[in-house]
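# Notes for the structure review
Read off the chains here:
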Amino acid sequence: MTRRHYREARLPLAEQPPDLMARLVRTGRFAPYVVYENDGEWALAGGALADVRLRDRPPGDLAQVGEELAGLPVDGWRAYGWAVFELGPALAGADPAGLGTLLHLIVPAEEVRARHGEVLVRSVDPDRLDALIRLVNAGPGAEPKPPEPLVLSLEDTGNYRAAVAAALVELRAPGPLEKVILSRRVPVAADVDLVATYLAGRRANTPARSFLLDLGGIQAAGFSPETVAEVTSDGRVTTRPLAGTRARTGHPAEDARLRAELLGDPKEIHEHAISVKLALEDIAAACNDTYVSDYLTVVPRGTVQHLASTVTGRLRPGLGPWQALAALFPAVTATGIPKAPAYPLIRDLEGGPRGLYAGAVLTCDADGTLDAALVLRTVFRRGGHCWLQAGAGIVRHSTPDREHEETCEKLRGVADHLVPVRPAGRS
């Protein structure tokens, strides 16, 4: 089989990276596409030179995904895609039949990466590379003023408080369950401009990662507060659990008071400590030399502030990035402690599958580098329906009202920046 090679060109960056990504996506040239922000680099993957999916088969330790990617007849690839929350139960032994596509990756036909004032453009086709260079060099046009953001009620129109109360019955009964994360959906009736929402939300948020995608029937724009897994080419593995939350108001004195309250709240500290303990146990399934650093720091994430820690290890010989992701997925801060008994409870109390919510958007490079962002603070669209989703960690000392309030605090990080589609004929 003939191997293919990316042709590359480097260009000066003439606009802000998120604006460049949005402008390119709006051309309609890239289908499917994934935009991914990671530590100062924005990357756009467009078109599918190769497609890897995991569906209706046991995922094992995900090594098969790495093997499929390694066998692709293209050099220097980077894969982009997503994994849904239901991959977690499948990794724990649940029958994958009927769960749908658990993981979907593309190796793009075209790629644009913007970093440090420079744009790298890549394509396997020289003619398309030339066209891509012209498109990047065209620069920004006059951007019309977006419509006013949507006003969305965040009140509980379902049974979230009742679900929390039911979870508390399970948590206070004899058994292994110490924590469960329950979420709720907020439907968005209006048609949302996801590209404009991504730009507006990124300006207002302080995410660990951000993404904008249209892949496999799912569209999403998100501002991830934490990573599930970061794997370097030399085998260093990191996960950064966030657990424990207070609002950010924009008023320094009040935010400082809430920060002190967060650091002094036994319930929040307990919730964080048991989450870090499970993260250590998870990472130890694939790594040696595990340790915790930056324990109980406070990080700002848009409309909230969280207790944060960093958990690190070194991959054991013979293991790769996909085994690391399998060990850590889904994030301990989006499932429960332990994970296995939390899965059926989450499904029962939430009333259906989560899909991409609390899963991951991720990239993986040919050199073994992998980066997976936890899918929270996101607006979703699928099958003509649009929604937001947020959850809270329920422990024995939780109260339904406070957990509902926490979901509202998190939802505002996206809800306040939803941009409606501009009516036809209006500029």
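Details of the structure are given in the entry above.
Residues numbered from 1 in each chain as written. Predicted model: local features only at pLDDT ≥ 70, side-chain atom pairs only at ≥ 80, totals over all residues. Heavy atoms only, no water.

### Topic: the nonpolar core
Put simply, the rule is: The definition of a nonpolar core used throughout is a set of buried Ala, Val, Leu, Ile, Met, Phe, Trp, Tyr and Cys residues joined through side-chain atoms within 4.5 Å. With a 1.4 Å probe rolled over the protein chains alone, any residue whose accessible area is under 20% of its type maximum counts as buried; one over 50% counts as exposed, and the rest are partly exposed. In this description, contact between two residues means that some pair of their heavy atoms is separated by no more than 4.5 Å.
If you look at the biggest cluster of nonpolar residues, it comprises 88 residues, and the most contacted ones within it are Leu69, Leu105, Val107, Val180, Trp322, Leu325 and Ile394. Not counting residues within four places of it along the chain, the set of residues in contact with leucine 105 comprises Ala50, Asp51, Val52, Val65, Leu69, Ala79, Tyr80, Gly81, Trp82, Trp322 and Leu362.

### What about the environment of valine 419?
Operational definition: Runs of E in the DSSP output that reach at least two residues are strands. Runs of H or I that reach at least four are helices, and both are numbered from the N terminus.
Turning to its location among the elements, valine 419 is positioned in the segment after helix H11 (400–415). Apart from residues lying up to four places away in sequence, valine 419 is in contact with Pro146, Pro147, Asp191, Val192, Asp193, Ala196, Thr197 and Ala200.

### Brief notes about the pattern of salt bridges
What counts here: Any carboxyl oxygen of Asp or Glu that lies within 4 Å of a side-chain nitrogen of Lys or Arg is treated as forming a salt bridge with it.
Going through the model one piece at a time under the given rule, you end up with 38 salt bridges. When the shortest N-O distance is used, the salt bridge between arginine 246 and glutamate 261 registers 2.6 Å. With arginine 246 in strand S14 (residues 242–247) and glutamate 261 in helix H7 (residues 252–263), the pair connects residues that are 15 residues apart, well separated along the chain. Residue classification places arginine 246 among the buried positions, given a relative accessible area of 7%. In this structure glutamate 261 comes out as partly exposed when scored by relative accessible area, which is 34%. Salt bridges here are not isolated pairs; linked through shared partners, they connect Lys179, Arg246, Glu254, Arg257, Glu261, Asp265, Lys267, Glu268, Glu271 and Glu403.

### Concerning the environment of leucine 120
As for its position among the elements, leucine 120 is in strand S8 (residues 118–123). Note on leucine 120: relative accessible area 10%, which makes it buried. Taking the C-alpha atoms as reference points, leucine 120 and proline 12, separated by 108 residues in sequence, lie 8.9 Å from one another. For leucine 120, the residues in contact, after removing those within four places along its chain, are Glu8, Ala9, Arg10, Glu111, Val112 and Arg113.

### Quick look at the sheet that holds strand S9 (residues 179–188)
What counts here: The criterion for strand pairing is that DSSP finds at least two bridges linking the strands in question. A fitted line through C-alpha atoms represents every axis, and for helices the fit uses only the stretch in contact; the resulting angles, taken between N-to-C directions, go from 0 to 180 degrees.
Read across the open sheet, the eleven strands follow the order S1-S8-S7-S3-S2-S10-S11-S20-S21-S9-S17; overall the sheet is antiparallel. Two strands in the sheet have a free side with no partner beyond their single neighbour: strand S1 (7–12) and strand S17 (336–337). Strand direction decides the pairing type here: strand S10 (residues 209–215) and strand S11 (residues 218–224), joined by seven bridges, are antiparallel. Following the sheet pairing, leucine 213 is matched in S11 by alanine 220. Sheet strands touched by helix H1 (residues 17–26): strand S2 (33–38), strand S3 (41–46), strand S7 (110–115), S8 and S10. Its angle to S3, the strand with the most contacts, is close to 10°. The sheet strands contacting helix H4 (residues 126–137) are S1, S7 and S8, and the helix crosses S8 at an angle near 155°.

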